[in-house]
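So the chains spell out like this:
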Amino acid sequence: MSVFLYNTKTRHKDEFKPLDTKQVTMYCCGPTVYNYAHIGNLRTYIYEDLLANTLRLAGYKVKHVMNITDVGHLTSDGDEGEDKMKIAAEREQKSVLEIARMYEDAFFRHTQALGLKRPTIVCRATEHIQDMIDFIKALEEKGFAYISNGNVYFDTAKFPHYGCLSGQKREDLKHGARTEQDLNKKNASDFVLWFTSSKFENQILQWESPWGRGYPGWHIECSAMATKYLGECIDIHCGGIDHIPVHHENEIAQSEARLGHEWVNYWVHMEFLNNKSGKMSKSKGGFLTLDSLVEKGYQPMHYKYFCLTSHYRSTAIFSEEAMDAAKNAYENLAEAMSIYKAAAKNQNLTETEEKTLQALNEEFNNYLFDDLKTPMALSLIWSVVKDNQKSAILKREFLYHIDKALNLSLKDVAPKEVERIAITPQIEALLQVRAEARAAKDWAKSDEIRDQLAALGIGVKDLPNKEIELIKL
Ligand code: AMP
Ligand code: ZN
């Protein structure tokens, strides 16, 4: 079965054909570590991890590379604004590198809590300065770079395809639409490859370079590290949709200018998580982190479940009501798994069940192979859980399978050891009456029977699949 992915480059859902049939190469723009990743950022990483897992389900090995932006990202996506790392260092009275390491650690603590695999290679910008210098030198030798007021710029007029990903025409880009304009640029879309002079002279992290002491522009790190670790052609490049018009256009321009050929085959972009009041962004402040969700009484897996309920190419709106629903659903699923684990202990699948399981696994895979259709995959999961005709062992094995891709920690759920309760004819009769009352939506009667059962020392819990669990009180 083939995998299909929506490719921003072709604006089409394309069949995925890797360059090497055994190993897929995938580059994801990583976090800017001047603050905590907010839950919007984490939604993007949840889907990138899911994409890697889906490709593994399809039989590929995945080499997943992620950068850590620990230098050079300014407050705007262009080259204007303040140095985010420096602002954070001043705010928290730490060194720039202390800030970077602290937020990098927090980032991986959060991704681990969400059950995301650590990428195969995690590379920090500050540890790849020489690769960036070599990249810029190659661009200079090929005539794509110019120096103006001490900074090295990429000349987008020399790259005719500039704007191909977002469909913008280079000439339509206006100087300083939102931010102050940089008068050193020849063209509005040009961008800095290396700074030796910027408006904040006391930038803390600086390195020697052929153009003078300074530091790299933001975009160059991804091109330099992606080509270093993944070679001259990459299968998949991911990021949030905000990266399409500037950062990814610039990555394409630099990389293809240097390499002389197409660089990435599939561009996969994740839509945004918004607040009810609009976009969630680090620079705007007031954003939610995973820790703040935990303080509100949610677990990381509740947030992951919430994310999976919407497709990665739809905007998700965060609300506590939606989180409560996700929490409830996740807890029910985990509870169902714990019951299956206990009930299916020492059991084996029958031959027919083996076949059913295989068909269910394939159906689940097919939803993910079709551009990561997680809402459909979740509804399949619930249809299996609610099916009274299916055995506990079949359901348990199916949930093990879905967890390979979704990693909702279902494999870690402890089996629920149920105490045996002797069902007397009296209890059986009461349960029968209660079931009839519930079917007739006679809640008063149902509550009355619950009280009678309680008086006999028996609690009743209703499970998602209309089954009940009896508890000794
Ligand atoms: P940053 O650390 O700001 O560079 O962002 C890390 C990743 O999160 C990038 O892929 C961004 O495109 C993505 N991103 C930023 N804001 C959001 C948001 N509100 N929802 C989803 N993804 C986002
Ligand atoms: Zn990038």
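Residues numbered from 1 in each chain as written. Chains lettered and ligands numbered in written order. Predicted model: local features only at pLDDT ≥ 70, side-chain atom pairs only at ≥ 80, totals over all residues. Heavy atoms only, no water.

Enquirer: Just give me the short version of unusual backbone geometry, but keep the residues and values in it.
Expert: Excluding glycine, residues mostly carry a negative phi; peptide bonds, for their part, are mostly trans. Phi angles above zero are rare outside glycine, and Asn149 is one such case at about 50 degrees. Here Asn149 shows up in the loop between β6 (145-148) and β7 (151-154). Look at Asn149 and you get exposed, because its relative accessible area is 54%. (Helix = DSSP H or I, 4+ residues; strand = E, 2+ residues; numbered from the N terminus. Buried < 20%, exposed > 50% of the residue type's maximum accessible area, 1.4 Å probe, protein only.)

Enquirer: Give me the coordination of the zinc ion (ligand 2): which residues, what numbers.
Expert: Protein ligation of the zinc ion (ligand 2) involves Cys29 (SG), Cys222 (SG), His247 (NE2) and Glu251 (OE), the donor distances falling in the range 2.0 to 2.2 Å. Note that the zinc ion (ligand 2) binds four donor atoms; their angles at the metal cover 80 to 130 degrees, and the shape is irregular. Spacing between the donor residues of the zinc ion (ligand 2) along their common chain follows C-x192-C-x24-H-x3-E. One end of the pair, Cys29, is in the loop between β3 (23-28) and α1 (39-57); the other, His247, is in helix α6 (residues 244-259), and 218 residues separate them in sequence. A relative accessible area of 0% means that His247 is categorised as buried. (Donors = N, O, S within 2.8 Å, 3.2 Å for Na, K, Ca; no water. Tetrahedral: all angles 85-135°; square planar, octahedral: opposite > 155°, others 65-115°.)

Enquirer: Describe helix α13 (residues 425-439), and please don't skip the residues or the numbers.
Expert: Its 15 residues give α13 an end-to-end C-alpha distance of 21 Å, which sits within 8% of 21 Å, the value for a rise of 1.5 Å per residue. Listed in full, the buried residues belonging to α13 are Ile427, Leu430, Leu431, Arg434 and Ala437. The arc that holds every buried residue of α13, seen down its axis, measures 125 degrees, which confines them to one face. With respect to the buried face of α13, the exposed residues turned more than 90 degrees away are Pro425, Glu428 and Ala439. The inward-facing, buried residues of α13 abut α14 (443-455), β15 (458-462) and β16 (468-472). Where α13 ends, the next residue or the one after it, Lys441, has phi of about 55 degrees, a positive value. (Expected span 1.5 Å × (residues − 1). Arc of directions from axis to C-beta. Contact = heavy atoms within 4.5 Å.)

Enquirer: Go over the pattern of salt bridges with me, naming the residues and quoting the values.
Expert: Considering all chains together, one arrives at 22 salt bridges under this definition. Close ionic contact of Glu321 with Lys276 constitutes a salt bridge, the shortest N to O distance being 3.2 Å. Linking Glu321 in helix α9 (residues 320-343) with Lys276 in the loop between β12 (273-275) and β13 (278-279), this pair joins segments that are 45 residues apart in sequence. Each member of the pair, Glu321 as well as Lys276, carries the same accessibility label: exposed. Between Arg396 and Glu397 there is a salt bridge, with the nearest N and O atoms lying 2.8 Å from each other. Glu397 sits in the partly exposed class, given a relative accessible area of 23%. One network of salt bridges, with partners in common, ties together Asp70, Arg101, Glu104, Arg124 and Glu127. (Salt bridge = Lys/Arg side-chain N within 4 Å of Asp/Glu carboxyl O.)

Enquirer: Before we move on, could you go through the site of ligand 1 and cite the residues and values that matter?
Expert: In the vicinity of ligand 1 there are 16 residues, among which Gly40, Thr44, Asp242, Leu273 and Lys282 approach most closely. In this structure, a nitrogen atom belonging to ligand 1 sits 3.1 Å away from a main-chain N or O atom of Gly40. Here Asn41 contributes a side-chain N or O atom positioned 3.0 Å from an oxygen atom of ligand 1. Here ligand 1 has 490 Å² of accessible area as a free molecule, and 94% of this is covered by the chains. The set of elements that each furnish at least two residues to the shell around ligand 1 consists of α1 and β10 (234-240). Split into classes, the residues belonging to the shell around ligand 1 amount to five nonpolar, eight polar and three charged. (Near = heavy atom within 4 Å. Polar contact = N/O pair within 3.5 Å; in protein donor to acceptor, adjacent residues only side chain to side chain. Areas by Shrake-Rupley, 256 points an atom, 1.4 Å probe, with all protein chains shown as cover. Nonpolar A, V, L, I, M, F, W, Y, C, P; charged D, E, K, R; others polar.)

Enquirer: Can you lay out the domain arrangement of the protein chain for me, pointing to particular residues and giving the numbers?
Expert: What the domain assignment lists for the protein chain is domain 1 (4-270), domain 2 (293-412) and domain 3 (425-472). Distance between the C-alpha centres of domain 1 and domain 2: 34 Å. Taken together, the contact pairs 23 residues of domain 1 with 28 residues of domain 2. Together, Arg43, Tyr47 and Leu57 form the three largest contributors to the area buried by domain 1 at its contact with domain 2, with a combined 28%. Our count for the contact surface shared by domain 1 and domain 2 stands at one salt bridge. Asp370 is the partner of Lys13 in a salt bridge, and the nearest nitrogen-oxygen pair spans 2.7 Å. No other element matches the eleven residues that α1 contributes to the side of domain 1 that touches domain 2. Here the side of domain 1 that touches domain 2 is composed, by residue class, of 16 nonpolar, five polar and two charged. (Domains from an automatic or database assignment. Buried area = accessible area lost by both parts, 1.4 Å probe.)

Enquirer: So, the side chain of Lys304: which residues are in play, and what are the values?
Expert: On the secondary structure map, Lys304 appears in helix α8 (residues 300-308). This buried residue, Lys304, is left without a salt bridge; Asp49 holds the nearest opposite charge, at 4.6 Å. Of note is the side chain of Lys304, whose polar atom sits 2.9 Å from the backbone oxygen of Asn407. (Lys, Arg positive; Asp, Glu negative; His and termini not counted.)

Enquirer: Requested: an account of the packing of aromatic side chains, with residues and values cited.
Expert: One pass over the full model with this rule turns up 15 aromatic pairs. A ring pair is formed by Tyr36 and Tyr103, whose centres lie 4.9 Å apart and whose planes are at 85 degrees; its orientation type is edge-to-face. One end of the pair, Tyr36, is in the loop between β3 and α1; the other, Tyr103, is in helix α3 (residues 96-113), and 67 residues separate them in sequence. A relative accessible area of 29% means that Tyr36 is categorised as partly exposed. Consider the rings of Trp263 and Trp267, whose centres lie 6.1 Å apart with planes at 65 degrees: the pair is edge-to-face. Residue class for Trp263 comes out buried when judged on its relative accessible area of 0%. Looking at Trp267, the relative accessible area reads 1%, which means it is buried. Grouped by ring-pair contacts, the aromatic residues Phe16, Tyr60 and Tyr266 constitute a single cluster. Just above the ring of Phe108 sits the side chain of Arg118; from NZ or CZ to the centre is 4.2 Å. (Phe/Tyr/Trp six-rings, centres within 6.5 Å; stacked < 30°, edge-to-face > 60°. Lys NZ or Arg CZ within 6 Å of the ring centre and 35° of its normal.)

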